[in-house]
Structures are given as C-alpha cells and as structure tokens.
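Residue-level structure breakdown
Each chain, written out:
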Amino acid sequence: MQHREPFWLVWNPRGHNPRHQHSTLDGATREAERLARTNPGEMFIVMESVGALVVDNIQRINLRPEDQLPF
C-alpha cells in the first residue's frame, strides 16, 4: 500500500472546482476565510482527503477474428 500525505481543498458549491491542494488544514482554512471575505454571501467548504483508490490493471479483448485485422 502506498502512503501519501493528506491534503485539504477549499470548495464553493456554486463555483468552480478546487485547483489548489493545501498541505495543512490551517492553510486551507485561511484560504476559505479569504475567499469568503472576498465573496460575501458565498459559502466555502474546507474538505480533507481521507483516501484514494487506484486500479492498475486493464484487460484488452480483441473482438475481431484474427484474419480480419483492419490493415
């Protein structure tokens, strides 16, 4: 299992997707406060990463008979 450091995002449900990963909760909270002051009436949510999932295999299946290759 791979270990990665957690990160935090600041999200506005009515705005654009988050673009910056904050390395600390404090940094994300300060950014949410800054954005809230700049955008009165808008809500900014601090979100913490809690896990990640990766699928690292794929199976390719050829559905054409071998004698009918396209080239």
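Reported here for the largest pocket is a volume of approximately 470 Å³. What lines the largest pocket is a set of 13 residues, and nearest its centre among them are Gln2, His3, Arg4, Gly51 and Ala52. In the lining of the largest pocket, the residues fall into seven nonpolar, four polar and two charged. Here the second largest pocket is characterised by a volume of approximately 200 Å³. Along its surface, the second largest pocket is lined by 13 residues, and Val10, Asn17, Pro18, Arg19 and Leu35 are the ones closest to its centre. Elements that contribute at least two residues to the lining of the second largest pocket include exactly β1 (8-11) and α1 (25-38).

This next bit is on the nonpolar core. One finds Trp8, Val10, Ala28, Ala32, Leu35 and Phe44 forming the largest nonpolar core, which totals six residues. Breaking this core down by element, the ones donating at least two residues are β1 and α1. The element best represented in this core is α1, accounting for three residues. Contacts of Phe44, omitting those with residues within four sequence positions, involve Val10, Trp11, Asn12, Ala32, Leu35, Ala36 and Asn39.

Quick notes on the rules
- For every chain, the first residue of the written sequence is number 1, and numbering continues from 1 along that sequence.
- Local features are withheld for residues below a pLDDT of 70 in this predicted model, meaning they are given only at 70 or higher, and side-chain atom pairs are given and counted only at 80 or more; totals for whole chains, interfaces and linings count all residues.
- Excluding hydrogens and water, the side-chain values take into account all heavy atoms of the structure.
- Residues are called lining when one of their atoms sits within 4 Å of a cavity or pocket point, these points coming from a 1 Å grid over the protein atoms alone, where a cavity is a set in which a 1.4 Å probe fits but cannot get out and a pocket is an open set with protein on both sides within 12 Å along at least five of seven lines.
- Grid points are joined across faces, edges and corners, and a volume is the space filled by probe spheres set on the points.
- Gly is placed with the polar residues, together with every amino acid not listed as nonpolar (Ala, Val, Leu, Ile, Met, Phe, Trp, Tyr, Cys and Pro) or charged (Asp, Glu, Lys and Arg).
- Here a strand is any run of E in DSSP of at least two residues, a helix any run of H or I of at least four, and the numbering for each starts at the N terminus.
- The term nonpolar core refers to a set of buried residues drawn from Ala, Val, Leu, Ile, Met, Phe, Trp, Tyr and Cys, joined through side-chain atoms within 4.5 Å.
- The classification of residues rests on relative accessible area computed with a 1.4 Å probe and restricted to protein chains. Under 20% of the type maximum is buried, over 50% is exposed, and intermediate values are partly exposed.
- Contact between two residues is taken to exist if any of their heavy atoms lie within 4.5 Å; hydrogens are not considered.

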